[in-house]
Structures are given as C-alpha cells and as structure tokens.
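# Descriptive analysis of the structure
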Amino acid sequence: MPLLDDDPKAYPRVMISTRSMDENLTGNWRTLRPIIDAKTCTGCNICWKLCPEACVDLTDKVPSIDMDYCKGCGICVCECPAHSVHFVAESAS
Amino acid sequence: MKKVLSGNHAAALAAHMARTQVTVGYPITPATQIYEVLAEMKAKGEFLGEFIAAESEHSVMAALLGASTAGARTFTATSSHGLAYMHELLHWVAGSRLPIVMVDVNRALAAPWNLWTDQTDSLSQRDTGWMQTYCSTNQEVLDTVLLSFKIAERVMLPSMVVLDGFNLSHSYEPVDIPSQAEVDAFLPPFRPELRLDPDNPISFGALTGPKDYLRLRRRMAADMAEAEDAIDEAGREFGQMFGRSYGQLDAYRCEDAETLLVTSGAVGSTARAAVDALREKGLKAGNLRLRAFRPFPAKALKAFVKPGMKLAVVDRNYSPGAGGIFAQEIKAALYPRSGVSVHGYVTGLGGGDITIELLQEIWERVDGAPKTDPVAATWVEDAR
C-alpha cells in the first residue's frame, strides 16, 4: 500500500507561485464577447468601475476592453446605463 | 487591575491589548458590543489598528484574509447567522494558513428566530480547519483571546474563541486585566515567514492538483496535532506570567470520581457548583470541562479517563439525525476503550437554563445507570 510515511512537516503549509498573474490569460474562458457601441456610449465610466477583472481601459473617450483578461461575465452589459454594451457570441466574432 | 466586565467587553479589551492591526466587523446580536467597544476605542485614539466596517460577514472574512496575508494581526467577532454567512471564507482562511482570531458568541440558528445561547453555530464550523476553544468565565474570555493569538501564530491556523451568548457575553464578572507591558512580553508582534509584499511579488492559493492538495491537508493535520501541545504549553507559560493556567481540559474534583459531568462553555462553571452540591451529599462527583474542541483533545481525554468511569455529557447543541456533538466526538475518541460509558444529554437549546439542580439530576441519573453506552441522546429541560 502506498502509505504517505514521510514527515508531513517536510511539506510546505501553503503553495506559492512567483509567476506573474499577467500570464493567467482569463480571456480564454469567455464564450460571449462584450462590444461597446461608440455611437451611444456617454463615457460615464460605469463599466470601468464595475469590471471585476479591472480590464476596462479608459485611455480613449470610448472605453476599450482587454480581451486577454475579460472573462465575459456580462456585468458591463447589464450595468451600462446607455445600453451601449452588447454581447456577441465568440464563435460569431 | 480588576474591573467588572461583560464577556463581550473582555473580548474587545483583549483584542486591543493584543495590538490587533486590522479588525473588520459587521454587527450581530449578541456580539455587537465587541465592535462598539473597539469603535469607541478607535474614536478616542486608543485603538491604533485599522477599523473597517464591512457590508456583510462574508466580506468581513474576505477582508481579514487579505489583511492577514499581508502580515497583519487580525481580529473579528460574530455570532450565529453571521458565522454561517462566513462559512465559505472560513475554509479559505484555514487553507491559506492564516492565524486570524475570531470570537464567536454562541447563539441559536433560525428557524425559528432565537437570540439565545446554543453551540450549534460554532460546532457547525467544525470541519473548516479553525481551532475552537470554549470559555466558561469572562476572565477566561480575555485570557483565551490572548492565548489564541499566541497558539494560532505558532501553528499558523485560525482560532475561534467561543463564549455563550448573554450568559457570558452580557453578564458582568470581575476580570483581572494584565498590564500592556505583560501582554507585550507574552505576545510578541506577528512576523509571518511569507506575506504579500510588493517588493517580492508572489501569489497564494493558486490551483493545485490532488497530489499537492492531499499533502497540504496532511500538513494541516500535523499542525493540528502540534496545536494540542501548543495549547498546553502556551497555557502553562500564561500561568507562569499571570497566575492562571489553561489546558485542553479543565478537571474539577475528579480525583476519586467515577461519574463525571462533561461540559463546555459557561455550563462548565455551573457544573462546578453542581459538583460541590453533590459532594456535600457524600457523592463522588466531578466535572470535566472541554476547553479545546478543535483540535479535539483525544489524547488528553484518553489519558484522563479510567476504566469504569461514566461520563454524563451535557450538550447545548444538536446535530439533527445524530445527537449531541460533544458526546459523539467523545465516543469516537474513546472507542474502543472498554469500561468507559458515555451518556449524552441534550439540553438548553436556544438558551434554556442549565441549572445547578438539572446538572445534579443528570449526574445522579447517569451514576445510577448500568454501564452501557446508550446510542440515543436523552433530551431534558429544567422545568423549574
């Protein structure tokens, strides 16, 4: 029987990683892609404020979403007061 | 210096004297006073830690998870549904090996609504990886908060200090308060080996496979076993400094006793009076109080009991479909040791009085009973 008979205290208490979380491209989880309609966007920044992945960029007047990290959760789609963010299927884009 | 304090005030004072660096809270009866005292101390500039009011208990524990990972000494207090709402984060904190100290003021869980003491809230968190210690006096509350930081930071496991709602939390007793210099000597600053540090970025709690997960839990088991010794060692050191010693168990007049009341929490102090009354009648009664519930003091219990003993276990808690939780754990710890019978009594749920008279009656019933192990719990209440 493969008993675990080594000293359990030789093993660490927690697993850590020194690799950057930048490498964790959560965008590949996404099945629906949020698209911002530049014509109706008012620039209110609510999508930026509420994005749990902090992947909405405000450099330009119309925000842009970093698709390397956007999981497609849809909070921006639901919360945009001007209804300017819409989902399209990843397979269609 | 002695002061007259409620259990809640004693808990808050201990968190302050432990130099808690971050406390996060959300109010719930009967634990709210702990936060009121710390908030008042913060407003006066006495409490120097960060004081954060969160939007829920789930957020309380999430915020403490972050603060403790960053290397802060952390404290909170809750009760009943607040504790239940934290459940997911309790696992996260224990698995992340963070020595957060939390007071749980025992209160019954709904439905139906009930505000009074009942241990099922804390015992429902049995398998989360938190240590649990049950207190019987307000002095023990203050001392156990200080002890819990010491023990938790040694074995790197979170610790829950449990006191009875109202029976301790809102009852006033004389409490001997150590000086800040003495507390500082007993409890040096928290210096974790690993912490979140912008100059040395690392990530914690990332995905692991079964091979690592099994070994991380096995390491936790080894540290829980070490905690049994850590509780006794810290309790002895505390005794040398402050004159009050603590261990996993607290035995009262058990030397020649064959039938013991086995209690936890505030019932443990009532049981001392019941034992005194039984002794006055010439009966050989004793009280064994369990302070530690996690780690479960199985080794200490096995060393303590003698063949032929009868244990009358008083459970102010109930696991539906099973029975009193302390009775179950004691039976499991003593199995298959022959000659010790365990008799479970469920009483005082939802804050019912567990009186000196009722405890005497339970003891007398078990003392006269045949030495067999009853399967089902006996339900009793004090009708007086």
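Conventions used here
Residues numbered from 1 in each chain as written. Chains lettered and ligands numbered in written order. Predicted model: local features only at pLDDT ≥ 70, side-chain atom pairs only at ≥ 80, totals over all residues. Heavy atoms only, no water. Helix = DSSP H or I, 4+ residues; strand = E, 2+ residues; numbered from the N terminus. Rg over C-alpha atoms; globule rule 2.2 N^0.38 Å. Buried < 20%, exposed > 50% of the residue type's maximum accessible area, 1.4 Å probe, protein only. Contact = heavy atoms within 4.5 Å. Areas by Shrake-Rupley, 256 points an atom, 1.4 Å probe, with all protein chains shown as cover. Lys, Arg positive; Asp, Glu negative; His and termini not counted. Charge placed at Lys NZ, Arg CZ, Asp CG, Glu CD. Core = buried A, V, L, I, M, F, W, Y, C linked by side-chain atoms within 4.5 Å. Expected span 1.5 Å × (residues − 1). Bend = angle between axes of the 7 residues up to and from the residue. Salt bridge = Lys/Arg side-chain N within 4 Å of Asp/Glu carboxyl O. Pairing = 2+ DSSP bridges. Right-handed = clockwise from strand over helix to strand, strands pointing away. Polar contact = N/O pair within 3.5 Å; in protein donor to acceptor, adjacent residues only side chain to side chain.

What follows concerns the overall build of chain B. In terms of helices and strands, chain B carries 12 helices and 16 strands. In summary, chain B has a C-alpha radius of gyration of 20 Å against a globular reference of 21 Å for 384 residues, a match within 12%. In terms of principal-axis extent, the alpha carbons of chain B reach across some 65 × 50 × 45 Å. Taking all 384 residues of chain B together, the buried fraction comes to 57%. Within chain B, contacts between residues at least 6 apart in sequence are counted, and of these 80% link residues at least 24 apart. As displayed, chain B offers around 15,700 Å² of accessible surface, 55% of which is attributable to carbon and sulfur atoms. Each charge class in chain B was averaged separately, 38 positive and 46 negative side chains, and the resulting centres sit 5 Å apart.

What follows covers the nonpolar core. Nonpolar side chains tend toward joint burial in soluble globular proteins. Residues and elements named next belong to chain B. By size, the foremost hydrophobic cluster in this structure holds 98 residues, and its most contacted members are Met61, Phe75, Val103, Trp130, Leu311 and Ile330. The dominant element in this core, judged by the number of residues it contributes, is helix H6 (residues 138-155), at 9 residues. Setting aside chain neighbours within four positions, we find Met61 in contact with Thr76, Met86, Leu89, Leu90, Val93, Ile100, Met102 and Trp130. Core analysis: the next-biggest nonpolar cluster, separate from the first, contains 17 residues, Val267, Ala312, Trp363 and Val366 among them.

Residue and element names in this part refer to chain B. Here helix H8 (residues 210-242) is 33 residues long and its end C-alpha atoms lie 46 Å apart, about the 48 Å a rise of 1.5 Å per residue gives. The principal kink in H8, of about 25°, is found at Glu228. Count one or two residues on from H8 and you reach Gly243, which has phi positive near 80°.

Let us look at the pattern of salt bridges. For the structure shown, the criterion picks out 30 salt bridges over all chains. Of the charged contacts, one joins Asp223 of chain B and Arg13 of chain A as a salt bridge, the two residues approaching to 3.1 Å between their closest N and O atoms. With Asp223 of chain B in helix H8 and Arg13 of chain A in the segment before strand S1 (16-17), the pair connects residues from two separate chains. Each member of the pair, Asp223 of chain B together with Arg13 of chain A, is buried. One continuous salt-bridge network, built from bridges that share partners, spans Glu140, Asp250, Arg272, Arg289 and Arg291 of chain B.

As a further point, take the pairing of strand S7 (residues 159-164) of chain B. All names here are of chain B. Among the 6 residues that make up S7, 6 are buried, leaving the element largely enclosed by the rest of the structure. Note: strand S5 (residues 101-106) against S7, 6 bridges, orientation parallel. Counterpart to Asp104 in the pairing with S7 is Val162. Relative to S7, strand S6 (residues 131-134) is paired through 4 bridges, and the arrangement is parallel. The residue of S7 that forms the bridge with Met131 is Ser159. Remark: the S6/H6/S7 crossover connection has right-handed handedness.

This part covers the side chain of Thr259 of chain B. All names here are of chain B. For Thr259, the location among the structural elements is in strand S11 (residues 259-263). The exposure class of Thr259 is buried, given its relative accessible area of 1%. For Thr259, the side chain forms a polar contact with the side chain of Asp367, separated by 2.6 Å.

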